[in-house]
Amino acid sequence: MNELERQQAAYELFTRYEGNPILTAKDWPYPINSVMNPAAVKMNSETLLLARCEDMRGFSHLTLARSDDGFTNWTIDQQPTMQADPHSREERWALEDSRIIWLEEQKQYGITYVSFSDGGPTVSLAITKNFKTFARLGTLLPPEDKDACLFPRRFRGRFALIHRPIVRGEAHMWISFSPDLKHWGDHRALIRTRPGYWDCHRVGLACQPVETEEGWLVFYHGVRNTTAGAVYRLGLTLLDLEEPWRVLRRSDEWIFGPSEIYERVGDVGDVVFPSGITVTKETDTVNMYYGAADCTIAVASASLSRIVEYAMASPEVED
Ligand code: BMA
């Protein structure tokens, strides 16, 4: 692929579902202002979304929606599935933006989410087998931190976590390691903002990492601040399969950005915020779920092999 072919491929990777947005506040069984930024996973043959809902105080909680085909006929929990505990300093204000990964060793799903603590946003972990009962394991790292997800298994004996701390006012993606999912260290900057680019002001993990033969596909959101506000778009990286702290490839261009009216206009306009992806290897398809303009949830689909092909055609990253 030459550069122009690669840009064309980036533009064509994802196709929006014609029924977008698939979930809005009006679909909810109880009053909310908006719904956005869902974690996504397939359990048995069902698609589960753990959506962030903002109530009319401006506080968020997480609620589960399920569908057989991942596009229509959503069954939504009648009340919040995971609420912030107002008596806990750790999650005083809200629960936001979760990601889900299947933990192979624990044989449970690991849910990393933002808990808005007294001291600012931070990353917490809960585990569940069934999305009905949840064991909350507490915060993983100090504030200010967001956009986190575990990998499904250990690397050289240690679990790995991608997250996005704010350090010296800068928002880069980091990777940290733990022997027990509780004590974290060996923190390393993984993916940085790029001066001049569409992702020059902030980057953060989008969906949970996707394992392929070529490496881990890690989608991330990139932000550019403009005179009209921040624009949130999606980029792609490929991490080494055995050593995920090594970034092999990174897309030059964004691969998905706000263009439809429901992505451009809302509580926060010009935002696409993918946070969950489901993969069906038999049909070579992925469904990517995203918050649109901090108001609704939408979905776009792509061919997994074309994403990998595009990632392999993207520039190599120097250490
Ligand atoms: C980020 C997060 C997301 C939100 C996005 C756009 O910082 O707070 O939840 O969707 O901003 O407003």
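Rules and cut-offs
Residues numbered from 1 in each chain as written. Predicted model: local features only at pLDDT ≥ 70, side-chain atom pairs only at ≥ 80, totals over all residues. Heavy atoms only, no water. Helix = DSSP H or I, 4+ residues; strand = E, 2+ residues; numbered from the N terminus. Buried < 20%, exposed > 50% of the residue type's maximum accessible area, 1.4 Å probe, protein only. Polar contact = N/O pair within 3.5 Å; in protein donor to acceptor, adjacent residues only side chain to side chain. Contact = heavy atoms within 4.5 Å. Near = heavy atom within 4 Å. Areas by Shrake-Rupley, 256 points an atom, 1.4 Å probe, with all protein chains shown as cover. Nonpolar A, V, L, I, M, F, W, Y, C, P; charged D, E, K, R; others polar. Pairing = 2+ DSSP bridges. Salt bridge = Lys/Arg side-chain N within 4 Å of Asp/Glu carboxyl O.

(A) Representation of unusual backbone geometry. For the bond from Asn-20 to Pro-21, the omega torsion is -10°, close enough to zero to count as cis. Mapped onto the secondary structure, Pro-21 falls in the loop between strand E1 (15–16) and strand E2 (34–43). Of the consecutive residues Pro-143 and Glu-144, the connecting peptide bond is found in the cis state with omega at 5°. Checked against the element boundaries, Glu-144 lands in the loop between strand E9 (135–139) and strand E10 (145–150). Positive phi, close to 50°, is recorded for Asn-73, a residue that is not glycine. Among the structural elements, Asn-73 can be located in the loop between strand E4 (60–67) and strand E5 (75–76). Of note, Asp-270 is a non-glycine position whose phi angle comes to about 60°, a positive value. Positionally, Asp-270 belongs in the loop between helix H2 (261–264) and strand E20 (272–280). With a relative accessible area of 19%, Asp-270 lands in the buried category.

(B) Looking closely at the side chain of Arg-250. Of note, Arg-250 is situated in strand E19 (residues 247–250). A distance of 2.9 Å separates a polar atom in the side chain of Arg-250 from a polar atom in the side chain of Asp-199. What Arg-250 contacts, discounting residues up to four positions off in sequence, is Ile-191, Arg-192, Arg-194, Asp-199, Val-203, Tyr-220, Leu-236, Thr-237, Ser-314, Pro-315 and Val-317.

(C) Seen up close, the site of the ligand. In the vicinity of the ligand, the residues found are Asn-37, Arg-52, Asp-97, Lys-146, Tyr-232, Val-268, Val-271, Phe-273 and Asp-294. For the ligand, an oxygen atom lies 2.5 Å from a polar atom in the side chain of Arg-52. Asp-97 has a polar side-chain atom sitting 2.5 Å from an oxygen atom of the ligand. Here the ligand, which alone exposes 310 Å², has 83% of that area covered by the protein. Across the shell around the ligand, the residue classes break down as four nonpolar, one polar and four charged.

(D) Here's a closer look at the sheet that holds strand E3 (residues 46–54). With respect to topology, four strands assemble into an open sheet ordered E2-E3-E4-E5, the strand pairing being antiparallel. If you trace the sheet from one side to the other, it starts and ends with E2 and E5, each paired once. Note that E2 and E3 share eight bridges and pair antiparallel. Bridge pairing in E3 links Ala-39 to Leu-50.

(E) A look at the pattern of salt bridges. If you walk through the whole model with that rule in mind, you get 25 salt bridges. Put simply, Arg-52 and Asp-97 hold a salt bridge, and the shortest N to O gap is 3.2 Å. Here Asp-97 lies in strand E6 (residues 94–103) and Arg-52 lies in strand E3, a separation of 45 residues in the sequence. The burial state of Arg-52 is the same as that of Asp-97; both residues are buried. A salt bridge links Arg-164 to Asp-147, with the nearest nitrogen and oxygen atoms 3.7 Å apart. In this pair, Arg-164 is assigned in strand E11 (residues 159–167) and Asp-147 in strand E10, connecting sequence segments 17 residues apart. In terms of burial, Arg-164 and Asp-147 fall into one category: buried. By sharing partners, the salt bridges in this structure join Arg-156, Asp-240, Glu-243 and Arg-246 into a single network.

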